[in-house]
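Each chain, written out:
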Amino acid sequence: WRQLYSTADMNSLGIPGTAKRVITVGNHDKTGPPPTIFPTSGRGPTRDGRIKPEIATVGTQVTSARSRNMNDPNPGAFYTQKGGTSMAAPLVAGACALLFQFRGATATWSDLANILKTSAAPMNNVNAFGAGYMQIGAACKPPRSSSDRL
């Protein structure tokens, strides 16, 4: 058992981000490489010592669709700037959808998490970045063929 919110740099994740079979996502800015983790992005480890988040991706100043009132004479712009893990997580969800398409529908949660983590660009702060920042291009490279297959 570890005390929750023990410091500013660790243990700021809560439920559902601490669940065991979810891919928890950190939020970094668009600077770099290397990027900088956003101050409000949750940090691990979990109370039982697991590294969370698993991966980080852009979540700061993301251009997103804006809701509009079409009955208003001036409904406003189509897009707006948003930020946070609520913008970073959909990027990882989209990456997982691409990986399902690329690797096949038999890929499991564990397969996707491992692919994302092994293809991430590593960072020193595992409590904020997990395995690193997402590199979907590297994740979509074909797996190496086994030398046992002829």
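Everything numeric in this text was worked out from a predicted model, so none of it was measured.

1. Some thoughts on the nonpolar core
Step number 1: One finds Ile55, Val92, Cys96, Leu99, Leu112, Leu116 and Met134 to be the most contacted residues of the largest nonpolar core, which totals 14 residues.
Step number 2: Counting only elements with at least two residues in this core, the list comes to α1 (85–103) and α2 (109–119).
Step number 3: Of the residues forming this core, the biggest block, five residues, is contributed by α1.

2. Remarks on α2
Step number 1: When α2 is considered as a whole, its buried residues turn out to be Leu112, Ala113, Ile115, Leu116 and Ser119. End-on view of α2: buried residues confined to an arc of 165°, all on one side of the axis.
Step number 2: Contacts from the buried residues of α2 go to β2 (55–58), α1 and α4 (136–139).

3. Brief notes about the pattern of salt bridges
Step number 1: Within the structure shown, the criterion is met by two salt bridges.
Step number 2: Ionic pairing is found between arginine 50 and aspartate 48, a salt bridge with its closest N-O pair at 3.0 Å.
Step number 3: A residue is classified by how much of its surface remains accessible, and arginine 50, at 24% relative accessible area, is partly exposed.
Step number 4: Taking the shortest distance from any N to any O, the salt bridge between lysine 52 and glutamate 54 comes out at 2.9 Å. In this structure, lysine 52 and glutamate 54 share a single accessibility class: buried.

4. Regarding the packing of α1 against α2
Step number 1: The contact between α1 and α2 brings their axes to 10 Å, and the two run at 110°. On the basis of the axis angle, α1 is roughly perpendicular to α2. Residues Val92, Ala95, Cys96, Leu99, Phe100 and Arg103 of α1 pack against Leu112, Ile115 and Leu116 of α2.
Step number 2: Here the contact of α1 with α2 is built from residues that sort into eight nonpolar, no polar and one charged.

5. Comments concerning the packing of aromatic side chains
Step number 1: Summed over all chains, the structure comprises one aromatic pair.
Step number 2: Between the aromatic rings of phenylalanine 78 and tyrosine 79, the centroid separation amounts to 6.5 Å while the plane-to-plane angle is 55°, which identifies the pairing as tilted.
Step number 3: For the cation-ring pair, arginine 68 lies above phenylalanine 78, with the distance from its terminal atom to the ring centre recorded as 4.0 Å.

6. Observations regarding the confidence of the model for the protein
Step number 1: Averaged over all residues, the pLDDT of the protein is 86; the fraction at 70 or higher stands at 89%.
Step number 2: Per-element averaging of pLDDT across the protein places α4 at the bottom with 86 and β2 at the top with 95.
Step number 3: Note on residues 1–6: pLDDT under 50 across the span, and 14 contacts to partners over four residues away in sequence or across chains.

7. Thoughts on the side chain of asparagine 27
Step number 1: Following the sequence through the fold, asparagine 27 ends up in strand β1 (residues 25–28).
Step number 2: Reaching out from asparagine 27, the side chain makes a polar contact with the backbone nitrogen of glycine 59 at a distance of 3.2 Å.
Step number 3: If we skip the residues at most four places from it in the chain, asparagine 27 touches Ile37, Phe38, Ser41, Thr57, Val58, Gly59, Thr60, Gly84, Thr85 and Ala88.

Parameters at a glance
Positions within a chain are numbered from 1, following the residues in the order the chain's sequence is written. Local features in this predicted model are restricted to residues whose pLDDT is 70 or higher, and side-chain atom pairs enter the listing and the counts only when it is 80 or higher, whereas totals over whole chains, interfaces and linings include all residues. Side-chain descriptors were evaluated using all non-hydrogen atoms of the structure, hydrogens and water having been removed beforehand. Throughout this description, the term nonpolar core refers to a set of buried Ala, Val, Leu, Ile, Met, Phe, Trp, Tyr and Cys residues connected via side-chain atoms within 4.5 Å. The cut-offs for exposure are 20% and 50% of the maximum accessible area for each residue type, with area from a 1.4 Å probe on protein chains only; residues under the lower value are buried, those over the upper are exposed, and the others partly exposed. Secondary structure is summarised from DSSP: a helix means a run of H or I of at least four residues, a strand means a run of E of at least two, and numbering begins at the N terminus for each. Summarising the geometry, the arc corresponds to the directions from the helix axis toward the C-beta atoms. In this description, contact between two residues means that some pair of their heavy atoms is separated by no more than 4.5 Å. Any Lys or Arg side-chain nitrogen found within 4 Å of a carboxyl oxygen on Asp or Glu counts as a salt bridge. The angle between two axes is taken between their N-to-C directions and runs from 0 to 180 degrees, where each axis is a line fitted to C-alpha atoms and a helix contributes only its stretch in contact. By definition in this entry, angles of less than 35 degrees are roughly parallel, angles greater than 145 are roughly antiparallel, angles of 65 to 115 are roughly perpendicular, and the rest are oblique. Each residue is assigned to one of three groups, with Ala, Val, Leu, Ile, Met, Phe, Trp, Tyr, Cys and Pro labelled nonpolar, Asp, Glu, Lys and Arg labelled charged, and all others, Gly among them, labelled polar. Under the pairing criterion, centres of Phe, Tyr and Trp rings, with the six-membered ring standing for Trp, must be within 6.5 Å; the plane angle then separates stacked pairs below 30 degrees from edge-to-face pairs above 60, leaving the rest tilted. The criterion is that NZ of a Lys, or CZ of an Arg, lies within 6 Å of the ring centre and within 35 degrees of the ring normal, and then a charge sits over that ring. The predictor attaches a confidence to each residue, called pLDDT, with possible values from 0 through 100. Whenever two N or O atoms come within 3.5 Å, that pair is a polar contact, provided that in protein one can donate a hydrogen and the other can accept it, and provided that, for residues adjacent in sequence, both atoms are side-chain atoms.

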